[in-house]
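Fold and geometry: a report
Chain residues, written in single-letter form:
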Amino acid sequence: MAITVLSKKYLNQFCMGYTLPLIARKMYGLSCYKSINNWYNVLNNNLNQVRYKSYNRFLDYSKIPKLEEDDLEEQYVRGSGPGGQATNKTCNAVLLKHKPTGLIVKCHETRSLFQNKTIARELLLQKLDNLINGKDSLESQKEYLVKKDLIKKNQKRKKLENLKKAFEERENLK
């Protein structure tokens, strides 16, 4: 049975009913999605997916410090870098200072002042967590889990290499 990849325009017209999901369920054993973009991606890009492993469910969030608004000093300053007049004349960079510890964070990642405020608070919280908790901070926990997985992968790779060498010696393939 030949599978033809449909163009996005034709796929939009074809997906109005449930014919494509039913065909795809029979061919691929997939559950029925109604979203057009999802089906286009499933049919065209299913071999190009890269798996990202999230460690968030293994982290201990109980020791994260809380940011009090009274402890923060916020200033809006001019940004720098590429962007020309939009960055040189507008004060959309955020300078956030935590008064009790003296930590300072400057954020100018986007043009939006509101987005820069939220990003600056996240960065300050991360720095404060690293300062207060040390080895128990979220960043350290994540690094530990990544190293642990890397050690497991290396052990598995070495074991497979040893098995392959043993097989080649046993069968006299070299």
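Everything below is about the structure shown above.
Residues numbered from 1 in each chain as written. Predicted model: local features only at pLDDT ≥ 70, side-chain atom pairs only at ≥ 80, totals over all residues. Heavy atoms only, no water.

This paragraph deals with the overall build of the protein chain. Regarding its fold elements, the protein chain presents 6 helices and 3 strands. Order of helices (α) and strands (β) in the protein chain, N terminus to C terminus: α-α-α-β-α-β-β-α-α. Out of the 174 residues belonging to the protein chain, those deemed buried represent 18%. Roughly 13,700 Å² of accessible area belongs to the protein chain as shown, and the carbon and sulfur atoms make up 54% of that amount. (Helix = DSSP H or I, 4+ residues; strand = E, 2+ residues; numbered from the N terminus. Buried < 20%, exposed > 50% of the residue type's maximum accessible area, 1.4 Å probe, protein only. Areas by Shrake-Rupley, 256 points an atom, 1.4 Å probe, with all protein chains shown as cover.)

Looking at chain direction, strand S1 (residues 72-77) and strand S2 (residues 93-98) are connected through 6 bridges and run antiparallel. Following the sheet pairing, Tyr76 is matched in S2 by Val94. Across 5 bridges, S2 lies against strand S3 (residues 103-107) in antiparallel orientation. Each bridged residue has a counterpart across the sheet, and for Lys97 the counterpart in S3 is Ile104. Counting the residues between successive antiparallel strands, the hairpin from S2 to S3 contains 4 residues, one of them, Gly102, with a positive phi of roughly 85 degrees. (Pairing = 2+ DSSP bridges.)

Turning next to the side chain of Ser137. Relative to the assigned elements, Ser137 resides in the loop between helix H5 (113-133) and helix H6 (138-171). Side chain to side chain, Ser137 and Ser140 meet in a polar contact 3.1 Å long. Ignoring sequence-local partners within four residues, the contact set of Ser137 consists of Asp129 and Asn130. (Polar contact = N/O pair within 3.5 Å; in protein donor to acceptor, adjacent residues only side chain to side chain. Contact = heavy atoms within 4.5 Å.)

Let us look at the pattern of salt bridges. Two side chains of opposite charge can pair, provided their charged atoms sit close to one another. In the structure shown here, the tally under the stated rule is 5 salt bridges. Residue Glu161 is joined to Arg157 by a salt bridge in which the shortest nitrogen-to-oxygen separation is 3.3 Å. Taken together, the residues Glu161 and Arg157, both in helix H6 and 4 residues apart, mark about one turn of the helix. With relative accessibility at 41%, the residue Arg157 sits in the partly exposed group. Close ionic contact of Glu171 with Arg170 constitutes a salt bridge, the shortest N to O distance being 3.9 Å. Using a relative accessible area of 57% as the deciding quantity, one classes Arg170 as exposed. Each of the salt bridges in this network shares a partner with another, and the network as a whole consists of Glu69, Glu74 and Arg121. (Salt bridge = Lys/Arg side-chain N within 4 Å of Asp/Glu carboxyl O.)

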